[in-house]
Protein chains: 2
Amino acid sequence: MKASIVTIGDEILIGQIVDTNSVSIARKLNQIGITIHRKLSIGDSSDEIRTTLREEISSSGVVIVTGGLGPTKDDITKFTLAEMFSSQLVYNETEGEHIRALLARRGIAFTELNRSQAMLPECCTVLHNAHGTAPGMWFEAENGTIVVSLPGVPFEMEHLMDDEVVPRLKERFELKSIIHLTVITRGIPESILAERIAAWEDALPEYMHLAYLPAPNIVRLRLSAYDIDGVEEESAMRQEIEKLYAIIGDNIVGMEGSTLESAVHDILTERGLRLAIAESCTGGAISSKFTAMAGASAYLMAGVVSYSNDSKCKLLGVDPALIAEHGAVSEQVAIAMAEGAKRVSGADYAISTTGIAGPTGGSKEKPVGTVWMAVATPHGTHAIMRNSGTDRGQIISRASAYAIELLYEHLKSAYTNN
Amino acid sequence: MKASIVTIGDEILIGQIVDTNSVSIARKLNQIGITIHRKLSIGDSSDEIRTTLREEISSSGVVIVTGGLGPTKDDITKFTLAEMFSSQLVYNETEGEHIRALLARRGIAFTELNRSQAMLPECCTVLHNAHGTAPGMWFEAENGTIVVSLPGVPFEMEHLMDDEVVPRLKERFELKSIIHLTVITRGIPESILAERIAAWEDALPEYMHLAYLPAPNIVRLRLSAYDIDGVEEESAMRQEIEKLYAIIGDNIVGMEGSTLESAVHDILTERGLRLAIAESCTGGAISSKFTAMAGASAYLMAGVVSYSNDSKCKLLGVDPALIAEHGAVSEQVAIAMAEGAKRVSGADYAISTTGIAGPTGGSKEKPVGTVWMAVATPHGTHAIMRNSGTDRGQIISRASAYAIELLYEHLKSAYTNN
């Protein structure tokens, strides 16, 4: 079973928003065994919507459309769909009352525009949107293709997918399975990796597809199988992953989801170790990576964003003389920050960053992108310097990754067998 | 002039990555006056690539393709393009030596796979990729449509767009202008907003298009004009925005780029005020929003991620008795955290958050999503409670937005005329 995803909105075409809706829909469809044939983004134009939908209806069994269902003039998806399916718009009492109640709860008056949101094509199955004012719609084309129209607000779209669309698709079609297993490797370039696992890759069964996904410092290897019957093939795939561990185990961080921070999270949690974080140039990015994971409160004692020199001294106990002598961006201050964070929080491990995120503040000796980072461990403190690029966002993100990697290295060598 | 953007990679279709490449390419093309006709994402299949490119070549003057240029077996874009343009692959000495040197600098051996990356279609103009091993390619189709193939690694793609593609497109075509002006509004629902500005909207000149972009608590209004000659129309658009200010000025945060944090950033910077941040459940997310903006070091004294009770007391001077009596998630502790952050850092303003991000830790009185936040100002401290949803990521992101909004409200009423 193949699906197309069509996202509608000029804001996508001009690059004003990042389309995460199609990502979420693709995942949900893959989970129930539906392969995405292609994704398209088009503007708020009824001609474009018509042309694109006709094309996708003829080539896919399911077409999921998002966007263009709001109450304002630029929202034309519903009208175009009604016309395509030669259906009149009729007032839906249930949805109208739901919209009225939803607005009343927020103290907002029900207007003519809101009333128009409850005008829905007669031929469609209305998908109740419990979290918003734009209902979803389920159409069936003449060739049997299902066309689903969902609002573009991510939260509302997600609920409609989970509560209304996925159950209906599972009931409607007999679906096979799709399995993706992704291994995260590090410290080995893509071309070398490909050579080292060439024999293993060549021996993979026909139905397993290998993909390489390179990123700075990391290559993800994804093994995929589509339209399989299930358990047996999945178990065969897991066996292939085990073989892969035997070949390149030293370079494997873990399975997908296993970012470096989640690998650190796992070690700290299992070992009952506690962490503190002292950030200057990364400005909270490292702390927020850890606190985004449920359970971080078990090990994260404290994070300090010591952006000013004063706060480095007051909150972390860094000696002002050290800053005066070596500068805030220095090996000595990185070490003092990590040790200070460890000491004041009572943690077992602490990491620190201090650097120049730019665009100003660089010098010849310490150009923008210079970042010192340190890890304080029960067995001593270690610092490294990494030049992390020239763009502020990139510097923050790379320096965060480097600092977490530094911690990971120390935890790994102390607490795991790899 | 219209363009299509085609991103290639199974990882996009299965929802394994968020496609930011097409966002960046769309912006860069818009800036030079090229309108995006549509964006497509397809899998690593030569059939799909061929079919899609044929279609887009016939309907757009420019087709930008990313992805599938790596050295491994799943990378087939180059071979498919060579076949489509009936061109042989020939070894490019310059690119080969560049790849060899790039790898040598990282201490990596040059392999047969790397050599194959310098095998390029004879008919294309090679676009030198200074930052990676996969060169870009510029083709011209029989109907005059330009087809550009770029690597999928975002950093490399961006440099190739800026250094090679954009200058060539500007030279090749006579391009008109595209202007987008986006106003951020808050505190007014989309349907009410639409009614309030209906007369203004109806009176807009034909060539200006208005779009509503709703998000929780915020509606962005975008005024766009395509294929215009330039200065005069842009000035007319700015006049329309001024009229909009006259109608709904109280609800306008600022122009796009003006997130609430950037509005706060601007006020603090202009007034020479200093800020401190004490985060519990938001775990560094607020600090990292501010530190992502260049110039934050001028006002951000310190951020404290006081995740443990102990760190709330030690780093922020919160009285342990207060936590014992009211619990860490309470109005009293939120206030003590903000006041503590203000005091220890010497800031003029401080904000705090303390809440239950879940999935565990909730109770009947304080369910997951309960977040107390406070702002300490030179004129007193104020706290509010907001229930911020049920999903951990959503709770962190909403609570961050609410806390920043709380600060913004206080700064706005003290320091601006609106």
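Residues numbered from 1 in each chain as written. Chains lettered and ligands numbered in written order. Predicted model: local features only at pLDDT ≥ 70, side-chain atom pairs only at ≥ 80, totals over all residues.

Let's talk about the overall build of chain A
Secondary structure summary: chain A contains 16 helices and 17 strands in total. Counting only C-alpha atoms, chain A reaches 75 × 60 × 40 Å along its principal axes. Across the 418 residues of chain A, 50% fall into the buried class. (Helix = DSSP H or I, 4+ residues; strand = E, 2+ residues; numbered from the N terminus. Buried ≥ 20, exposed ≤ 12 C-beta atoms within 10 Å, placed from the backbone.)

Some thoughts on the interface of chain A and chain B
At the junction of the two partners, chain A supplies 74 residues and chain B supplies 73 residues. Looking at the side of chain A that touches chain B residue by residue, the classes come out as 34 nonpolar, 27 polar and 13 charged. Of the pairings in the sheet, the one linking strand β2 (residues 35-42) of chain A to strand β2 (residues 35-42) of chain B comprises 3 bridges and is antiparallel in character. Each bridged residue has a counterpart across the sheet, and for Leu-40 of chain A the counterpart in β2 of chain B is Leu-40 of chain B. (Contact = placed C-beta atoms within 7 Å. Nonpolar A, V, L, I, M, F, W, Y, C, P; charged D, E, K, R; others polar. Pairing = 2+ DSSP bridges.)

Regarding the sheet that holds strand β9 (residues 177-186) of chain B
Residues and elements named next belong to chain B. Across the sheet, which stays open at both edges, the 4 strands sit in the order β10-β11-β9-β12 with antiparallel pairing between neighbours. Taken across any chain shown, the strands that pair with only one partner, and hence form the sheet edges, are β10 (209-215) and β12 (252-255). Neighbour to neighbour, the strand axes of the sheet diverge by 20° on average, direction disregarded. Across 3 bridges, the pairing between β9 and β12 is antiparallel. Bridge pairing in β12 places Val-183 opposite Met-255. (Axes fitted to C-alpha atoms, helices over the stretch in contact; angles between N-to-C directions.)

Some points on the relation of the copies chain A and chain B
Its rotation angle being 180°, the transformation that places chain A on chain B also includes 0.0 Å of axial translation and leaves an RMSD of 0.1 Å. The superposition of one copy onto the other is thereby described by a two-fold rotation axis. Here 99% of the interface residues in chain A have copies in chain B that are interface residues too; the copies meet face to matching face. (Least-squares fit on C-alpha atoms with pLDDT ≥ 70 in both.)

Digging into the environment of Ser-288 of chain B
Mapped onto the elements, Ser-288 of chain B comes out in helix α12 (residues 285-291). On the basis of neighbour counts, which here come to 26 C-beta atoms within 10 Å, the residue Ser-288 of chain B falls in the buried class. Separated by 121 residues in sequence, Ser-288 of chain B and Pro-167 of chain B have C-alpha atoms that sit 35 Å apart. Contact partners of Ser-288 of chain B, with chain neighbours within four places excluded, come to Gly-283, Gly-284, Ala-285 and Ser-288 of chain A.

Overview of the sheet that holds strand β7 (residues 136-140) of chain B
Read across the open sheet, the 12 strands follow the order β6(A)-β7(A)-β8(A)-β3(A)-β1(A)-β2(A)-β2(B)-β1(B)-β3(B)-β8(B)-β7(B)-β6(B); overall the sheet is mixed. Each of the sheet's edge strands pairs with one partner strand only, and the pair in question is β6 (125-127) of chain A together with β6 (125-127) of chain B. Here the average twist between neighbouring strands, direction ignored, is 15°. In this sheet, strand β3 (residues 62-66) of chain B lies alongside strand β1 (residues 2-8) of chain B in parallel orientation, the contact comprising 5 bridges. Looking at β3 of chain B, one finds that Val-6 of chain B is bridged to Val-65 of chain B.

Considering the domain arrangement of chain A
Domain boundaries assigned for chain A yield domain 1 (2-172), domain 2 (177-255) and domain 3 (260-415). Taking only C-alpha atoms into account, the centre of domain 1 of chain A sits 36 Å from that of domain 2 of chain A. (Domains from an automatic or database assignment.)

A word on the packing of helix α2 (residues 21-31) of chain B against helix α7 (residues 154-172) of chain B
Residues and elements named next belong to chain B. Running from N to C, α2 and α7 point in directions that differ by 20°, and their axes come no closer than 10 Å. Compared by their axis directions, α2 and α7 come out roughly parallel. For the pair α2 and α7, the sense of crossing is right-handed. Touching Asn-21, Ser-24, Ile-25 and Lys-28 of α2 are Pro-154, Met-157, Glu-158, Met-161 and Val-166, all from α7. Considering only residue class, the contact of α2 with α7 consists of 5 nonpolar, 2 polar and 2 charged. (Parallel < 35°, antiparallel > 145°, perpendicular 65-115°, else oblique. Left-handed = near helix turned anticlockwise from the far one by under 90°.)

Considering unusual backbone geometry
Look at the link from Gly-358 of chain A to Pro-359 of chain A: it is a cis peptide, with omega at 0°. Tracing the chain through its elements places Pro-359 of chain A in the loop between β15 (349-355) and β16 (370-377). For Ser-86 of chain A, which is not a glycine, the phi torsion comes out positive at approximately 45°. By the element assignment, Ser-86 of chain A lies in the loop between α4 (77-84) and β4 (89-91). At Asp-227 of chain B, a position not held by glycine, the phi torsion is positive, near 55°. As for its placement among the helices and strands, Asp-227 of chain B is situated in strand β11 (residues 218-228).

Section: the pairing of β3 of chain B
Residues and elements named next belong to chain B. Of all 5 residues making up β3, 5 are buried, and the element is well covered by its neighbours. Residues Val-62, Ile-64 and Thr-66 line one face of β3 and the alternating positions Val-63 and Val-65 line the opposite face, and both faces are buried. Two strands pair when backbone bridges link them, and β3 and strand β8 (residues 146-150) are joined in this way by 5 bridges, in the parallel orientation. Pairing of Ile-64 across the sheet is with Val-148, part of β8.

Looking at helix α2 (residues 21-31) of chain A
All buried positions along α2 of chain A are accounted for by Asn-21, Ser-22, Val-23, Ile-25, Ala-26, Leu-29 and Asn-30 of chain A. Here the buried face of α2 of chain A lies against β1 (2-8), β2, β3 (62-66), α7 (154-172) and β9 (177-186) of chain A together with α1 (10-13) of chain B. Immediately beyond the C-terminal end of α2 of chain A, within one or two residues, lies Gly-33 of chain A, with a positive phi of roughly 90°.

Quick word on the environment of Leu-316 of chain A
All names here are of chain A. The residue Leu-316 is located in helix α13 (residues 309-316) in this model. For the pair Leu-316 and Ala-336, spaced 20 residues apart in sequence, the C-alpha separation works out to 8.0 Å. Sequence-distant contacts of Leu-316, that is, excluding residues within four places in its chain, are made with Ala-278, Val-304, Ser-306, Met-337, Gly-340, Ala-341 and Val-344.

Overview of the environment of Cys-281 of chain A
Residue and element names in this part refer to chain A. If you trace the backbone, Cys-281 turns up in the loop between β13 (275-279) and α12 (285-291). Using a count of 29 C-beta atoms within 10 Å as the deciding quantity, one classes Cys-281 as buried. Between the C-alpha atoms of Cys-281 and His-159, which are 122 residues apart in sequence, the distance is 38 Å.

Quick notes on the pairing of β9 of chain A
Sheet topology places β9 of chain A next to strand β11 (residues 218-228) of chain A; 9 bridges connect them, and they run antiparallel. Bridge assignment links Thr-182 of chain A to a residue of β11 of chain A, and that residue is Arg-222 of chain A.

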